[in-house]
Amino acid sequence: MKAIQILQTGGPEVLTLAELPVPVPGPGQVLIKVAAIGVNFIEIYFREGRYKAPLPLVPGSEASGTVHALGDGVEGFQVGEPVASVGVMGSYAEYALVPAAQLVKVPAGMDLKLAAAALLQGMTAHYLSHSTFPLKAGHTALVHAAAGGTGRLLTQMAKAAGARVIATVSTEAKAELAREAGADDVILYTRADFELETRLLTDGRGVDVVYDSVGKTTFEKSLNCLRPRGMMVLFGGSSGPVPPFDLIQLSVRGSLFVTRPTLNHYVATRVELEERAGFVLNGVANGTLTLRTEHTYPLASAAVAQVDIASRGTTGKLLLIP
Ligand code: NDP
């Protein structure tokens, strides 16, 4: 099978196309014939060596496809069935092994590209808006990078929960996409001071929660956008990691809460995984959640896709097609 392989960590050039044997599913594993592969920042961190994994490595974390073969003891899945998964290394390939416990069924008839585009960012948006800080009517949320893959889905879910959304984006074109996703107010944080604008938009009160995936360039100011006892949800670092932080600042700035969540801990049980995946995949299937999937690349162009997602030039989801 064709697969992208990393022999040593480094820049995008270490992502090379290789011919590898089709894996054989062991006990509890399912082999999927991959239809579409989601591209995510986490794969860049593994490529660079910031996150560690044994080499050689077939990278990846998200894929949709059909069940090709079942390992011993797997129940509940059938060959040919449409499925998708997140959090599984090795999806940059024509075939990928997934523990059955981490595989979910895709609704019949759903485009497998949409399933791959929706799952990781959708379940992230779901836990952020429903579990980390459960939004409801009366809440105001500040969502950074709201035209991004996760940002657009988070904005849609926050609006569906009844909250007001103040969005930040870098360009006019992205502002339009954030509004289309439902944002009530949009700040171009590359031109305006988003702290000042947020204060003005909330009559000085501040927001209840900030969802910050940008990190280094937004974290400090985001704290100043919160109301007393508000919650800072730092869930990524697209601009770089947040430097060490003195916790006394949380007291000074209003007895604030800070959390640094990750998806794994919010889909740790089968029940939670199925609930979040069901919400997202059914939402896409019935049109209550909309996706943008205009950035698709052949598997061999994985390096280009990783450069593009980090370039700030994309909107919505990036997919590799094997
Ligand atoms: P996005 O589609 O949001 O792309 C990143 C966006 O970040 C850009 O489009 C850009 O939007 C913004 N950005 C701001 N500053 C920079 C910069 N210096 N360089 C690049 N981008 C910048 O990507 P994803 O939705 O896939 O992921 C967003 C973040 O969320 C990532 O950091 C990722 O690691 C994290 N994440 C965390 C998860 C978790 O569970 N903790 C799960 C999934 C993703 P703009 O141009 O509008 O500023």
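Participant: Hey, could you run me through the packing of helix α2 (residues 112–132) against helix α3 (residues 149–160) in this one?
Facilitator: For any two helices packed against each other, one specifies the crossing angle of their axes together with the interaxial distance. The contact between α2 and α3 brings their axes to 8 Å, and the two run at 45°. Accordingly, the angle class assigned to the pair α2 and α3 is oblique. Seen along the crossing, α2 lies across α3 with a hand that is right-handed. Contacts between α2 and α3 involve Ala118, Gln121, Gly122, Thr124, Ala125, His126, Leu128, Ser129 and His130 on the former and, on the latter, Gly149, Thr150, Leu153, Leu154 and Met157. Its residues assigned to classes, the contact of α2 with α3 comprises six nonpolar, eight polar and no charged.

Participant: In this structure, what is going on with the pairing of strand β12 (residues 226–234)? I would like to understand it.
Facilitator: Counting buried positions along β12 gives seven out of nine residues, so the element sits mostly inside the fold. As defined by bridge partners, strand β11 (residues 207–212) adjoins β12 across five bridges and the pair is classed as parallel. Paired with Val207 across the two strands is Leu226, which belongs to β12. Sheet topology places β12 next to strand β13 (residues 257–259); three bridges connect them, and they run parallel.

Participant: I tried to follow the sheet that holds strand β8 (residues 140–143) on my own but got confused; where do I start?
Facilitator: The six strands are arranged β10-β9-β8-β11-β12-β13 in an open sheet whose pairing can be described as parallel. With partners counted over all chains shown, the strands left at the sheet margins are β10 (185–188) and β13, one partner each. For this sheet the average axis-to-axis angle between neighbouring strands, irrespective of direction, equals 15°. Contacting β8, β9 (164–169) and β11, α3 runs over the sheet at an angle of about 165° to β9. Most of the contacts of helix α4 (residues 172–180) go to β10, to which it runs at about 160°, and overall it touches β9 and β10.

Participant: Can you help me understand the pattern of salt bridges in this one?
Facilitator: Where charged atoms of side chains with opposite charge meet at close range, the side chains can pair. All told, the structure shown has 18 salt bridges when counted by the stated rule. Residues Arg164 and Asp185 are paired through a salt bridge, measuring 3.0 Å at the closest nitrogen-oxygen approach. Taken as a pair, Arg164 in strand β9 and Asp185 in strand β10 lie far apart in primary sequence, 21 residues in all. The exposure class of Arg164 is partly exposed, given its relative accessible area of 26%. A salt bridge links Glu272 to Arg276; its shortest N-O distance comes to 2.7 Å.

Participant: Would you take a moment to explain the environment of Arg260 for this structure?
Facilitator: Locating Arg260 in the fold gives a position in the loop between β13 and α8 (270–285). Linking Arg260 and Phe235, residues 25 residues apart in sequence, is a C-alpha distance of 5.6 Å. Setting aside its immediate chain neighbours within four residues, Arg260 contacts Leu234, Phe235 and Gly236. Within the structure, the side chain of Arg260 is placed 3.5 Å from the backbone oxygen of Phe235, a separation counted as a polar contact.

Participant: Could you clarify how one ought to interpret the domain arrangement of the protein chain in this entry?
Facilitator: One frequent convention defines the size of an interface as the accessible area lost when the parts assemble. Domains assigned within the protein chain are domain 1 (2–120 + 285–321) and domain 2 (136–260). Contacts between the two partners involve 13 residues from domain 1, matched on the other side by 16 residues from domain 2. Note on domain 1 versus domain 2: buried area summed over both sides is about 1100 Å², and carbon and sulfur give 52% of it. Area buried by domain 1 at its contact with domain 2 is led by Leu289, Arg292 and Arg312, which between them contribute 42% of it. Taken together, the links from domain 1 to domain 2 amount to four residue pairs in polar contact (both at pLDDT 80 or more). Split into classes, the residues belonging to the side of domain 1 that touches domain 2 amount to five nonpolar, five polar and three charged.

Participant: Just checking my understanding: could you explain the site of the ligand for this structure?
Facilitator: Neighbouring the ligand are 28 residues, the closest being Tyr127, Thr150, Ser170, Lys174 and Tyr189. Taking Arg312, its side chain carries an N or O atom lying 2.9 Å from an oxygen atom of the ligand. If you list the elements that add at least two residues to the shell around the ligand, you get α2, α3 and α9 (302–311). Examining the composition of the shell around the ligand, we find that four residues originate from one element, α2, more than from any other. When residues of the shell around the ligand are sorted by domain, at least three fall in each of domain 1 (2–120 + 285–321) and domain 2 (136–260).

Participant: Would you take a moment to explain the packing of helix α1 (residues 41–48) against α9 for this structure?
Facilitator: The N-to-C vectors of α1 and α9 enclose an angle of 115°; their axes lie 10 Å apart at closest approach. Once α1 is placed against α9, the crossing between them reads as left-handed. Residues Phe41, Glu43, Ile44 and Arg47 of α1 lie in contact with α9, whose contacting residues are Gln306, Ile309 and Ala310. Here the contact of α1 with α9 is composed, by residue class, of four nonpolar, one polar and two charged.

Participant: Explanation requested: the confidence of the model for the protein chain in the structure shown.
Facilitator: Do not read the fine detail of predicted coordinates wherever pLDDT is low. Put simply, the protein chain has an average pLDDT of 97, and 100% of its residues get 70 or more. Summarising per-element confidence for the protein chain, the mean pLDDT is lowest in α1 (95) and highest in β11 (99).

Participant: Even after reading the chapter, I still don't get α3, so can you show me in this structure?
Facilitator: In an α-helix, one turn spans 3.6 residues, which is why side chains three or four residues apart end up on the same side. With 12 residues, α3 should cover 16 Å at 1.5 Å per step; its first-to-last C-alpha distance of 17 Å lies within 8% of that length. Within α3, 10 of the 12 residues are buried, leaving the element largely enclosed by the surrounding structure. Listed as buried for α3 are Gly149, Thr150, Gly151, Arg152, Leu153, Leu154, Thr155, Gln156, Met157 and Ala158. Contacts made by the buried residues of α3 are with α2, β8, β9, α4, β11 and α8. At the exit of α3 stands Gly162, carrying a positive phi of roughly 100°.

About the thresholds
Residues numbered from 1 in each chain as written. Predicted model: local features only at pLDDT ≥ 70, side-chain atom pairs only at ≥ 80, totals over all residues. Heavy atoms only, no water. Axes fitted to C-alpha atoms, helices over the stretch in contact; angles between N-to-C directions. Helix = DSSP H or I, 4+ residues; strand = E, 2+ residues; numbered from the N terminus. Parallel < 35°, antiparallel > 145°, perpendicular 65-115°, else oblique. Left-handed = near helix turned anticlockwise from the far one by under 90°. Contact = heavy atoms within 4.5 Å. Nonpolar A, V, L, I, M, F, W, Y, C, P; charged D, E, K, R; others polar. Buried < 20%, exposed > 50% of the residue type's maximum accessible area, 1.4 Å probe, protein only. Pairing = 2+ DSSP bridges. Salt bridge = Lys/Arg side-chain N within 4 Å of Asp/Glu carboxyl O. Polar contact = N/O pair within 3.5 Å; in protein donor to acceptor, adjacent residues only side chain to side chain. Domains from an automatic or database assignment. Buried area = accessible area lost by both parts, 1.4 Å probe. Near = heavy atom within 4 Å. pLDDT = per-residue confidence, 0-100. Expected span 1.5 Å × (residues − 1).

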